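A structural walkthrough
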Amino acid sequence: ASAKDLQSTSRILSLLAGVVLSTPAWAAIGIDANVSTNQGSAKTTVSSPTFSTTSSNELLLAFVTTDYLSGTNTQVSSVAGGGLTWALVVRTNAQSGSSEIWRAFAPSALSQVTVTATLSHSVLSSLTVMSFTGVNTSGTNGSGAIGATQSANASKGAPTATLVTTQNSSWVFSVGNDFDNAIARMPGAGQSLVHQYLTPTGDTYWVQMQNSTTP
């Protein structure tokens, strides 16, 4: 399975981080909560809208994209929310800005919670939080629900990250950042955008997904 950005320009500084969600043989992955926020002014934190989940044993993923100003490249320092323990899944910040996926596991349903990402610099950013039912519950803090991960970047042209699923009926999601151009993304065949933000400073932040699981 692949996660790719098919938008190509003459000079693009872009990042892509992808993750495969794993499921036990007796279950099917489903999307429950899905919220996004865009931060059009420079701040060191970005918080999601308030959301709730409907069932126990859900995996939460936070997709974070950030701008870059100067000095050491921006990255997410930590993620918190819902009284859960959050851990970094994959980060791509070889080019300007950062694209990151963080995970947490909620044993019980959540009610009216927010998720906050703390950034290493005061910059523009975007945050999407999604929760998933039917995931693999083994491991700690959702580690069993994470299959293959991959990151890619391109100083010119579009980044492509290729993922090989580790279990049947896995689902691929990715987050990307184009530091150089505020241009709408065009997902590949069988993929769609979860969220997209064209920033006032000329960046594009987006989250994309396969339209269905990989049998």
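Residues numbered from 1 in each chain as written. Predicted model: local features only at pLDDT ≥ 70, side-chain atom pairs only at ≥ 80, totals over all residues. Heavy atoms only, no water.

**Topic: the overall build of the chain**
Note the following rule: Helix and strand assignments follow DSSP, with helices taken as H or I runs no shorter than four residues and strands as E runs no shorter than two, numbered in order from the N terminus. Only protein chains enter the accessibility calculation, which uses a 1.4 Å probe; a residue whose area is less than 20% of its type maximum is buried, one above 50% is exposed, and one in between is partly exposed. In these tables, accessible area is a Shrake-Rupley quantity obtained with a 1.4 Å probe, and a residue counts as shielded only by the protein chains included in the view.
The helix and strand inventory of the chain stands at zero helices and 13 strands. In the chain, which comprises 215 residues, the share counted as buried stands at 52%. Per element, the accessible surface of the chain, about 8,200 Å² overall, is 48% carbon and sulfur.

**Quick word on the nonpolar core**
The following threshold applies: Each nonpolar core is a collection of buried residues, namely Ala, Val, Leu, Ile, Met, Phe, Trp, Tyr and Cys, held together in the definition by side-chain atoms within 4.5 Å. Between two residues, a contact is recorded if the distance between any of their heavy atoms is within 4.5 Å.
Ranked by internal contacts, the top residues of the largest apolar core, which has 22 residues, are Phe51, Val79 and Trp86. The greatest single-element share of this core, amounting to six residues, is contributed by strand S8 (residues 115-133). Setting aside its immediate chain neighbours within four residues, Val79 contacts Ala62, Trp86, Trp102, Val115, Thr116 and Ala117. Of all hydrophobic cores here, the second largest spans 18 residues; its members include Ile29, Phe105, Val135 and Trp171.

**Observations concerning the environment of Trp86**
With respect to the helices and strands, Trp86 occurs in the loop between strand S5 (76-81) and strand S6 (87-92). Sequence separation between Trp86 and Val115 is 29 residues; the distance between their C-alpha atoms is 10.0 Å. Residues within four places of Trp86 in sequence aside, it is in contact with Leu60, Leu61, Ala62, Val79, Ala80, Gly81, Trp102, Arg103, Ala104 and Val115.

**A closer look at the side chain of Glu58**
Applicable threshold: For this count, His and the chain ends are skipped, Lys and Arg are scored as positive, and Asp and Glu as negative. The working definition used for a salt bridge is a side-chain nitrogen of Lys or Arg within 4 Å of a carboxyl oxygen of Asp or Glu. We call two N or O atoms a polar contact when they sit within 3.5 Å, provided that within protein one can donate a hydrogen and the other can accept it, with sequence-adjacent residues counted only if both atoms are side-chain atoms.
Within the secondary structure layout, Glu58 lies in strand S4 (residues 58-66). Here Glu58 is buried and forms no salt bridge, its nearest opposite-charge partner Arg103 lying at an N-O distance of 15 Å. A polar contact is formed between the side chain of Glu58 and the side chain of Ser131, at a distance of 2.7 Å. Setting aside residues no more than four positions away along its own chain, Glu58 makes contact with Asp32, Thr53, Ala104, Phe105, Ala106, Ser131, Phe132 and Thr133.

**A few points about the confidence of the model for the chain**
Heads up, the rule is: The pLDDT value tells you how sure the predictor is about a given residue, anywhere from 0 up to 100.
Averaged over every residue, the pLDDT of the chain is 87; the share at 70 or more is 87%. Of all helices and strands in the chain, the one with the weakest mean pLDDT is strand S1 (residues 2-4) (31), whereas S5 scores best (98). Counting contacts from residues 1-13, a segment whose pLDDT is below 50, to residues more than four positions away or on other chains yields 64 contacts.

**Side note on empty space enclosed by the protein**
Heads up, the rule is: With a 1 Å grid spanning the protein atoms alone, the term cavity applies to any set of points in which a 1.4 Å probe fits but cannot get out, the term pocket to an open set with protein on both sides within 12 Å along at least five of seven lines, and the term lining residue to any residue with an atom within 4 Å of a point. Grid points are joined across faces, edges and corners, and a volume is the space filled by probe spheres set on the points. By the convention adopted, Pro, Cys, Tyr, Trp, Phe, Met, Ile, Leu, Val and Ala count as nonpolar, Lys, Arg, Asp and Glu as charged, and the other residues, Gly among them, as polar.
A full pass over the atoms with the stated rule returns one cavity of 30 Å³ or more. In this structure, the largest cavity encloses a volume near 30 Å³. Lining the largest cavity, in full, are Phe63, Thr65, Ser126, Thr128, Val175, Tyr205, Trp206 and Val207. Mapped onto the lining of the largest cavity, the elements with two or more residues apiece are S4, S8 and strand S13 (204-210). Each residue belonging to the lining of the largest cavity can be placed in one class, and the counts come to five nonpolar, three polar and no charged.

**Looking at the packing of aromatic side chains**
Let me state the cut-off plainly: Classification of ring pairs uses Phe, Tyr and Trp, with its six-membered ring standing for Trp, and accepts pairs whose centres are within 6.5 Å; under 30 degrees between planes counts as stacked, over 60 as edge-to-face, and the remaining range as tilted. By the criterion adopted, a ring carries a charge over it if an Arg CZ or a Lys NZ lies within 6 Å of its centre and within 35 degrees of its normal.
Counted according to the given criterion, the structure contains five aromatic pairs. Stacked on the ring of Trp206, the Lys or Arg Arg185 has its end atom at 4.7 Å from the ring centre.

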